[in-house]
Amino acid sequence: MGIQTSPAVIVEAQEERDIPYPFPFPSHYRSDIEMGLALKVMSPLTFAKFLTRIANVMFLYKRYPKKADYEIVADQIVARYPFMRSPLERTVGVKYDYHYHSLTFIHFNVRGT
């Protein structure tokens, strides 16, 4: 009874593509995200799930997006869903890269490295 191992899988590096503009937002989300989008209110957990879904789509195009890629996607999120502007931006009017920082963190976790 030896240890059984599976054969190694060799994956060729896929060529990274530019993230399209406009960003291809998913047409369907999990039910809790859909409800948050419809009500224009999201809990922090639901918002994190939403950004994870967006990060997964970004990952399909680039494993290591540049700062400009994150900024473009973050701006498109706010343009498409204005209620998602950062609280600081809504109250004070100062643009804060809230989505940029959240996306970079979540994309890092999605990528796994």
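How each quantity is defined
- Residues numbered from 1 in each chain as written.
- Predicted model: local features only at pLDDT ≥ 70, side-chain atom pairs only at ≥ 80, totals over all residues.
- Heavy atoms only, no water.
- Helix = DSSP H or I, 4+ residues; strand = E, 2+ residues; numbered from the N terminus.
- Polar contact = N/O pair within 3.5 Å; in protein donor to acceptor, adjacent residues only side chain to side chain.
- Buried < 20%, exposed > 50% of the residue type's maximum accessible area, 1.4 Å probe, protein only.
- Arc of directions from axis to C-beta.
- Contact = heavy atoms within 4.5 Å.

Student: Now, about the environment of Lys62: what can you tell me, with residues and values included?
Tutor: Mapped onto the fold, Lys62 is located in the loop between helix H2 (44-61) and helix H3 (67-80). Sequence-wise, Lys62 and Ile19 are 43 residues apart; in three dimensions their C-alpha atoms are separated by 7.1 Å. A polar atom in the side chain of Lys62 sits 3.0 Å from the side chain of Asp69.

Student: How would you summarise helix H1 (residues 31-39) if you had to cite specific residues and measurements?
Tutor: For H1, the full list of buried residues reads Ile33, Gly36 and Leu37. An end-on view of H1 places all buried positions within 100° of arc, on one side of the element. Along H1, exposed side chains directed more than 90 degrees from the buried face belong to Ser31, Met35, Ala38 and Leu39. The secondary structure elements touched by the buried residues of H1 are H2. Among the residues trailing H1, Lys40 stands out with phi positive, at a value near 60°.

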